[in-house]
Every structure is written in C-alpha cells, then in structure tokens.
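A structural walkthrough
For reference, the chains in residue letters:
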Amino acid sequence: MNSQWMKAGYRAVAGEEGAEIGKAPFLNGGTFLLSRRYLVSYNEGGEQAKEINLMTSLIHMFVGGTTGKWRVERVSAIRGPALTPVPRLAIFDGYPSTIPEDSIWHLRGVTSYERYVHRAERSALVTRQPDLGHPNATCAALIPIKKSVTWWELTQDERRKIFEERSHHITIGLRYLPAIARRLYHSHDLGEPFDFLTWFEYAPADAEVFEELVGTLRETEEWTYVEREIDIRLVVADYL
Ligand code: HEM
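First things first, this report covers the structure right here in the doc. (Residues numbered from 1 in each chain as written. Predicted model: local features only at pLDDT ≥ 70, side-chain atom pairs only at ≥ 80, totals over all residues.)

Things to note about the overall build of the chain
Helices and strands together make up the secondary structure of the chain, namely eight helices and 10 strands. In the chain, buried positions account for 24% of the 240 residues. For the chain, restricting intrachain contacts to residue pairs at least 6 apart in sequence, the fraction spanning at least 24 positions comes to 70%. (Helix = DSSP H or I, 4+ residues; strand = E, 2+ residues; numbered from the N terminus. Buried ≥ 20, exposed ≤ 12 C-beta atoms within 10 Å, placed from the backbone. Contact = placed C-beta atoms within 7 Å.)

Okay, structure coming up:
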C-alpha cells in the first residue's frame, strides 16, 4: 500500500490487479490511482465508498468523438501539437463506467480549490460570475492549456505575481462577467497531456467579446509560459 493511502487512513487495496484507468486527487492534495478494481471495491463499501465517490465525482471527462451535446465548430492549435478534429464533444461529470466507443480522444480534469485568488477578488468573482448551463449560452469553448516546466518550477508567490500583478488575469477576466460563464479543471497532477482544461459558455451575441478576452490574455506575460494550447469552439448541437 502506498503512503498516500496510509496518510488518508485507507486499508490496503489490491489495486495492482486492476487495470489503471486514471488518477484522482486526494482531498489533502495528493493523488491516487484509479483502477476498475478500486471503483468496484469502494462502491461496495460504507464511509470509504462515500469518500471515494466524492473524489471521483470531482473528475470530469471531455470526450471528442461523434456523439455529445456540443457540435464542434472549429479546433485550432494555438501553440504546440494539434488535437484531432472531431465532430462532437460529450462531457461526463464523474467517471463514466466505460469510455464511449466513438471516442477519438478524451481529456480529464478535476475541479479544485483556488490557488491565486485573494479575498477581494473572490468576492468580486462570486458576485459577478454566472452559473454554467444558462439556456441562452449556446456557444462554448474548451481550451486545454499546458504550461512550461519553468512555470511549474516557480514558487506559488512568483506565479501569483506573474498571473495577477503583472498579467492581470483576474482583473481582465472580471470585465467579461457576467457575459462569460467559466469553469477551470486541473489536469496537471493526473498525468494528462494538458495542465488545465478551461471551459467557457456564452450567448452567440457575446462571441466577439469572448474573442477579445482570449486575445487579450494571450498577449500577457502569463501566456509566455503556455507551451501548448488548443482552442475548441462549440455550439449546442440542436441549436439553429
Ligand atoms: C471569463 C473571464 C475569466 C475569469 C473571470 C478568469 C478567472 C480566473 C481565475 C480567478 C483563475 C485562478 C484560479 C485559482 O486561483 O486557482 C483563473 C485561472 C486560469 N484561467 Fe482564467 N479567467 C477567465 C478567462 C480565461 C480564459 C479565456 C482562459 C483561456 C484562454 C483562461 C485560462 C485560465 C488558466 C489556464 C488558469 C489556470 C492558471 C494557473 O493556475 O496557472 N481564463 N482564471
């Protein structure tokens, strides 16, 4: 049993026998491997099952293929290697028991705590940011981003300085609320090809405003640390 399981007080698990299907974060910041066996055994348990289900429910999977609510309008490789264009995108909140057969690629991320936000910024965000899923928000963008090793080698303080004091990411972003709804998924600790999956929803009338926002952020110092970025634009499939 590895030390993460020990720290969290779990009993030994026979994970070696299960094929690894991913990793998920511990609430205390570590990660554990997910295997089909873990899921089966913990889904049968009591309190432990609740905790493991809570953790797996933080996982979200974006599946590019031929099915899903979102029709892909375009896929642009802004920086770094491209991602295979697909006609549709499906989103799973929680871990799907099987990856859909039509899947051409899938990307995983977890919702997590905020790393950089100060108290006043949090208040401004809470006041202004809309929920996802508004019926008028028929456009969306999935923008997977990978930052460089240099970025990850900086300290938290150094990253905050670049992110906000010098690049004004939050200050800029706040100007676009409530027009743009957003959610940030973390993938860095899951061993995924991207560090972040950024998700945005907006009404067709705000499409230009969204272009302006991404254009502005891409000019900032923060973006000099972005080594891979794919911009996937979507519309609700049955929206005319
Ligand atoms: C809609 C307006 C936006 C707002 C209000 C906003 C706000 C934020 C906030 C508050 C964080 C920090 C979360 C934390 O403390 O951990 C963040 C992180 C991030 N945002 Fe935005 N954002 C916006 C738009 C965008 C756009 C358009 C992109 C991509 C093109 C983007 C990419 C990212 C990335 C990659 C991170 C993670 C940075 C890191 O941890 O290194 N954001 N955003």
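Having seen it, we continue.
A closer look at the pairing of strand β9 (residues 196-202)
The buried fraction of β9 is high, at five of seven residues. By the bridge criterion, seven bridges tie strand β7 (residues 139-147) to β9 in an arrangement that is antiparallel. The residue bridging cysteine 139 from the neighbouring strand is tyrosine 202, located in β9. As defined by bridge partners, strand β8 (residues 181-186) adjoins β9 across six bridges and the pair is classed as antiparallel. Considered in β9, the bridge of arginine 182 is made with phenylalanine 200. (Pairing = 2+ DSSP bridges.)

Digging into the site of the ligand
Looking at the ligand, there are 22 residues lining it, with Glu114, Arg115, Tyr116, Gly173 and Ile180 nearest. Of all the elements in the fold, those that place two or more residues in the shell around the ligand are β7, α7 (169-174), β8, β9 and α8 (207-218). In terms of residues, the shell around the ligand owes the most to one element, α7, which gives four residues. Across the shell around the ligand, the residue classes break down as 15 nonpolar, three polar and four charged. (Near = placed C-beta within 6 Å. Nonpolar A, V, L, I, M, F, W, Y, C, P; charged D, E, K, R; others polar.)

As for the nonpolar core
With 32 residues, the main nonpolar core has Ala140, Leu142 and Leu234 as its most contacted residues. Listed by contribution, the elements that provide at least two residues to this core are β3 (59-65), β5 (88-93), β6 (105-110), β7, β9, α8 and β10 (226-236). Among the elements that line this core, the one with the most residues is β7, at five residues. Beyond its immediate chain neighbours, meaning those up to four positions away, alanine 140 contacts Trp70, Trp199, Phe200, Glu201 and Leu234. (Core = buried A, V, L, I, M, F, W, Y, C linked by C-beta atoms within 7 Å.)

A word on the environment of glycine 68
With respect to the secondary-structure elements, glycine 68 resides in the loop between β3 and β4 (70-79). When the C-alpha atoms of glycine 68 and alanine 237 are compared, they prove to be 7.9 Å apart, with 169 residues separating the residues in sequence. The residues touching glycine 68, leaving out its near neighbours within four places in the chain, are Val63, Arg88, Leu89 and Ala90.

Overview of the pairing of β5
Pairing of β3 with β5 involves six bridges; the strand directions are antiparallel. Each residue of the ladder has a partner; that of glycine 65, found in β5, is arginine 88. One ladder, built from two bridges, connects β4 with β5; its direction is antiparallel. Across the sheet, the residue bridging to tryptophan 70 is leucine 89, located in β5.

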